[in-house]
Every structure is written in structure tokens, then in C-alpha cells.
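# Descriptive structure summary
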Amino acid sequence: MKILVLIKEVPDMQKVEFDSERGRVNRANAPAEINPFDENALETACELKKAREDVDVTALTMGPPRAEGSLRIAYARGADHGILLTDAKFGGADTCATSKTLAAAIRKKGGYDLILCGEKSVDGDTAQVGAEVAEFLGIPHCYYVEKIDKLTSGHIEVTAEDLWGMKQTRRMPLPALVSVTKNITTPKLPTVRRRLESREIEIERMNLSSLEDILTPEETGAKGSPTKVNKVVIPPEVKRESVVFREEPDGFMDALASVFLEKGLV
Amino acid sequence: MKNNEILVLAEQNYGKIHPVTYELIGKGSELAAKTGGFVSCLLVGPSGIPCEELCYRGASPVYYMEAHCFENADEMLFKENIVSALKDIHPQMVLIGATTFGRSLAPRIAGALNTGLTADCTDLQVDEDGRIIQIRPAFSDNILAHIKTVTDPQMATIRYKEFNEADRDTTRSVDIRKLTPACTVSGIEILSTQELGGVDVTKADVIVAAGRGFKKKEDLVLAEDLAKTLGGVMAASRALVDAGMVSSQIQVGYSGHRVKPKIYIACGISGAPQHLAGMKESGTIIAINSDPSAPIFKVADIGYVGDLYEILPMLTERFRKERTK
């Protein structure tokens, strides 16, 4: 049973700076980390590995050469292998081009039964890449999965929030793609041994020429992206006129009482 | 001739039309007035949906693909049929609600049509060439990106409750065109469907949100009591979810839920940008924090600098009395 986990390296969102006057996003002081949602997908894969002996987990990411660091962390957390999809020609890819590139690499490697990913990324927040990858691979997908109930060699059964907000259990043929919510599990810290090992392991690299015959230069990167960002606006910080009470409970409670009255709560 | 049709993908939720559909028809009509186009609607669902309502809201024509199988929440069935309908209709633009339905389906449809998709737009405008400028927040709502799609159809998902519903006018003509499904079976087997259960913080009018200012899990009862007294629900910031004190089901913020209640009471929440992104659109924001420099006070209408352990029981007591008066 081969499981592939899609991970994205994102900047630590607490440390990204926004300059509303110049319309700039400064990531220079924000260290990179694995998208927190993807850690749940990775942990899920590792749990499946503990439950079944034949499971082999590969983490795949597309990004600049430094994203190799995230794959080493993925190894430390329990993945067996890491693949870095990196090429200057992949740069500037929107979700469509990114998904095509990932799908091409997945086809090239071949043989994956289950593809896991996080619900969305914290920087882009589109939640599009999972379903688009599934579409380009021609396999079914299920979003918002909170539990994997059963995994056999041909099928997967999951509990998920369905298209209309109900709780659904379903059975899908493999291969399939599943995006997991944060409720599925809690990521655990890697062991010291895995962490040390992760420095030595070999990370496989793939670039555009590795995907020859599957992906053309016109289908990837900025060239292959049907959506173009025309401009970025950084809205000024929202501020409200506030009335602040310091250690004056009565004044505060009276102010609240009038708001509650106005809104019909009391 | 160039097709200038703006198609709204209607969302039916177990046979009931989701209100985001009316919002999209409203916004679509505004855009169509600028592009010289018209708004149509594609409804894929079980039989018996009163789809003349979509016409009353201003969509014409309404394509209704009716089949029993669409009672099932099965992405593959919807995807196949929507893609086949869109290939026949050739709209210039497709608008979809950024609901669970839209988030799961739109990327597959865009992929199958080999076109661009912009997620979670908060506004749409028309440029001088009649193309649509899609505006969406990113980076925890800190930036607004203006995006254009170079392929057709231009596709976007739009956040729910971002626009007003289209006016209803029953004198509008009703043009409903029935479509035949291209496929009615998929490999997905739905084993059971039931209520999600638990608290839905996105639907509450009053939210009492707890943050790092709460030292132990047992203390959360202070926030819960106030929430109950005010007829609301308790929510929490990411810090408490990460600390294992509450379930992520009630997490408000960028990596949790976005909420827009009438009243939001932030207790012991400092107000990191990630949290603000999830609640800053609330009606009235009330902040309680012991640190007067906490950023939460910048977005608050009413603030209280002091100890939440003292003020919360006082509030509960006072408003319990007022409500039972």
C-alpha cells in the first residue's frame, strides 16, 4: 500500500509583515514551515502505517530547493521517502498549473493507492489543489475527512462532512485523494532518532525534464497559469472607535446592557 | 458571436436552494449590466425543486438538470454532469458559492474544463475589456489580490454572505430549460448520512470566545455560562485548541471558522491577526483583557481592561437577572 502525502512549505504566518502603503508582503523575516494543515495529513499517513505493515509513505512537495528542509522534517515525523519537485520553470504557478505539475509527477512515479493532503494552506487558502490534482489524475476525491474508517487494498471508507454540511460515511475505490480536517488527529513531535536520521536521508529531486512526455513547459509555471494576479492591495488595518473601561465593572456592564438592549438580547 | 452569459451554479442543499445562490444572482446581474450580458442559472438536483424562484430573482434562462441521483452528496456525479452542461452552454463566467459544495466541486470542474479558478472572492468588478476582475483576500486576510483569468469560462467561488440577495420580483418571466443528465452513477458508495452534531459557531448570534487568558479547562465554564445566559455559544482561539482544552470545531480564526455574529465577546484573547481574520466582521465586538495594549482592543467597540475571572461571573449574574425580569 503506497501512500503519498502532498505538503506545502509556507511562511510562518505570525512573522510575515504587510506594508499597506507600498503594497508589499515581506516574508524575509518569516521562517518556512510545513503548512499546519498538511501536518495532519502526514500524521494520518503515519498512523495508517502503524496499523498496517505494508504501508509505505512518501511526502511530495513542489517548491524552491530550500523546501527540501520540509521533506526532511516530514521524514523525521515518520514519512519513508521525500520527493522535491523543483524547477525555475515551475515558478509562478497558480493552482491549475501547480495541480497539473503535481499530477504529472504522481503519474511519473506511479503506483500510489492513496493521496492525502491538508484541508487548505494558510498562505493561499484556496483549498483547490487537492481536488484539481484528483481531477487531473482522473481519480475520486473526498474533502473534509475527519476519520478513515477502513482501508483495504481496493477501497477506502471515510467519515467526512458532505457537500451540504451533513456527516457522511462513504466508500471509494482506490486510488483516491482525501483531504483531512484538523480533527482527524494531532500531529506528534518527531523522535530524536528520526530527527538525526533525517539529516542523512536522500531526498529525490524531480524537475521539468523528469516529467518529459507527461508535462510540457506550456502547462506549468506562470506560462501554464490561467489566472494572473494583476495587483495586490494591502488594506489599511481595520480599527473601530472603542470605549475602554479600566477596572470599572459598572460602567462596562451598563455599556453592554445598552448594546444588548439595542440588539434585543435582554 | 461572443457569448456574454454569466452563469450562476445554483446550490441545492438536499433539495432546498441555498441562499448563496440568490446572492450570486444579485452580483451576477450587476456585472451583466456592465458587460452587456445576462445571468443564467444551472441547477442540478432532484426533481420537484421550485426553480421558478431563480427566475424571480433575475436569472434567465434557468437550466434544470433533474434526476433522482442528485439527492446524493456525490462530487463525481455532480462534476460529470455540470461539466457536460457547461461544455454545451459555453458561459463567459461561472459563479459558485464558496461553501463546502463549491470548495469541493469548483476545482474539479475548473480542472476538467482546463480553465482558471479564483477561490473565495469577496468582490468582482469588470475591466475595460469586459473581463472580470476577481478580488480575494489571502495571507490571513492581510492582502487583497486582484486576479484576472485568461481562459474561458472565467470561474470564481464567492464567499457566502458577502453580497445581498437579488430582489425577488414575481412578474419576471419564467424560462426554465430541462437538461438530461449525462451520467447517473459513480463509483462512490454513500454508506450513511446523519447530522454533523455539535455546536455550529458560524450560525450563532452571540459568541463568547475564550483565549489564552483562561488558565485551566475547568475555568471555561465562566465563558460557557455567560454564553448560555445570552442565548449564545462559546468559541475559542487557536491557543486553546492547540492546548487541547477545546475541540477545533469551535475554533475561530484563519485556521478555524470565520464568524459574523451580532455580538462577539472576546475574553482573554490578545487578538493576533489570525484570530482577527475570523471575527473582525462581527456586529459589535466586546473585548475583555488584562493587557491594555492587546491588539484586540483596536477592533473592539467596547473594551474592558481587567481580570476576566472577576468580570465574567459579574456579567453572567447581571444579565441572568435582566433576562428573567
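Residues numbered from 1 in each chain as written. Chains lettered and ligands numbered in written order. Predicted model: local features only at pLDDT ≥ 70, side-chain atom pairs only at ≥ 80, totals over all residues. Heavy atoms only, no water.

## Remarks on the overall build of chain A
Broken down by element type, chain A carries 6 helices and 15 strands. Referenced to the eigenvectors of the C-alpha coordinate spread, the extents of chain A come out at roughly 70 × 45 × 40 Å. Looking at chain A as a whole, 55% of its 266 residues are labelled buried. Entry remark: accessible area of chain A is about 12,000 Å², with carbon and sulfur atoms responsible for 49%. For chain A, the centre of its 37 positive side-chain charges and the centre of its 43 negative side-chain charges are spaced 3 Å apart. (Helix = DSSP H or I, 4+ residues; strand = E, 2+ residues; numbered from the N terminus. Buried < 20%, exposed > 50% of the residue type's maximum accessible area, 1.4 Å probe, protein only. Areas by Shrake-Rupley, 256 points an atom, 1.4 Å probe, with all protein chains shown as cover. Lys, Arg positive; Asp, Glu negative; His and termini not counted. Charge placed at Lys NZ, Arg CZ, Asp CG, Glu CD.)

## Here we look at the side chain of E119(A)
All names here are of chain A. Position of E119 relative to the elements: it lies in the loop between β8 (114-118) and α4 (129-137). For the buried E119, no salt bridge is present, and the opposite-charge side chain at shortest range is K120, 4.8 Å distant. Ignoring anything within four residues of it in the chain, the contact list for E119 reads F37, A127, Y144, S179, V180, T181 and K182. (Salt bridge = Lys/Arg side-chain N within 4 Å of Asp/Glu carboxyl O. Contact = heavy atoms within 4.5 Å.)

## Considerations on the interface of chain A and chain B
Across the contact, 82 residues belong to chain A and 93 residues belong to chain B. Summing both sides of the interface, chain A and chain B together bury roughly 7,800 Å²; the carbon and sulfur share of this comes to 59%. The largest share of the area that chain A buries against chain B comes from L163(A), W164(A) and R240(A), three residues that together contribute 12% of it. The interface formed by chain A and chain B includes 8 salt bridges. For the side of chain A that touches chain B, the leading source of residues is helix α6 (residues 249-262) of chain A, giving 10 residues. Of the residues belonging to the side of chain A that touches chain B, the class tally is 42 nonpolar, 14 polar and 26 charged. Relative to strand β13 (residues 189-194) of chain B, strand β11 (residues 167-173) of chain A runs antiparallel, the two sharing 5 bridges. Counterpart to T169(A) in the pairing with β13(B) is S192(B). (Buried area = accessible area lost by both parts, 1.4 Å probe. Nonpolar A, V, L, I, M, F, W, Y, C, P; charged D, E, K, R; others polar. Pairing = 2+ DSSP bridges.)

## Some details on the domain arrangement of chain B
Residue and element names in this part refer to chain B. With domains assigned, chain B is organised as domain 1 (5-179) and domain 2 (201-324). Here domain 1 and domain 2 have C-alpha centroids that lie 35 Å from each other. The partner domain 2 presents 7 residues to the 7 residues of domain 1 that form the contact. Buried area between domain 1 and domain 2, summed over both chains or domains, comes out near 560 Å², and the portion from carbon and sulfur atoms is 33%. Put simply, domain 1 and domain 2 have 0 salt bridges between them. Applying the counting criterion to the domain 1 and domain 2 interface returns 1 residue pair in polar contact (both at pLDDT 80 or more). In terms of residue class, the side of domain 1 that touches domain 2 is built from 2 nonpolar, 2 polar and 3 charged. (Domains from an automatic or database assignment. Polar contact = N/O pair within 3.5 Å; in protein donor to acceptor, adjacent residues only side chain to side chain.)

## With respect to the nonpolar core
Within the largest apolar cluster, 58 residues are counted, with the highest numbers of intra-cluster contacts made by F252(A), F260(A), F214(B), I265(B), I288(B), I296(B) and L315(B). The dominant element in this core, judged by the number of residues it contributes, is α6(A), at 7 residues. Discounting chain neighbours no more than four positions away, the residues touching I288(B) are F252(A), I265(B), A266(B), C267(B), G268(B), I269(B), Y304(B), L308(B), I311(B), L312(B) and L315(B). If you look at the next biggest cluster of nonpolar residues, it comprises 37 residues, including A59(A), L84(A), I156(A) and L174(A). (Core = buried A, V, L, I, M, F, W, Y, C linked by side-chain atoms within 4.5 Å.)

## A word on unusual backbone geometry
Residues other than glycine predominantly adopt negative phi, and peptide bonds predominantly adopt the trans conformation. That bond from L174(A) to P175(A) is cis: its omega, 0°, falls within 30 degrees of zero. Cis peptide bonds are those with omega within 30 degrees of zero, and the linkage from D152(B) to P153(B) qualifies with -5°. Mapped onto the elements of the fold, P153(B) is located in the loop between β10 (143-149) and β11 (154-158). For D125(A), which is not glycine, the phi torsion reads 55° and is therefore positive. As for its position among the elements, D125(A) is in the loop between β8 and α4. Residue D125(A) is classed as buried on the basis of its relative accessible area, which comes to 1%.

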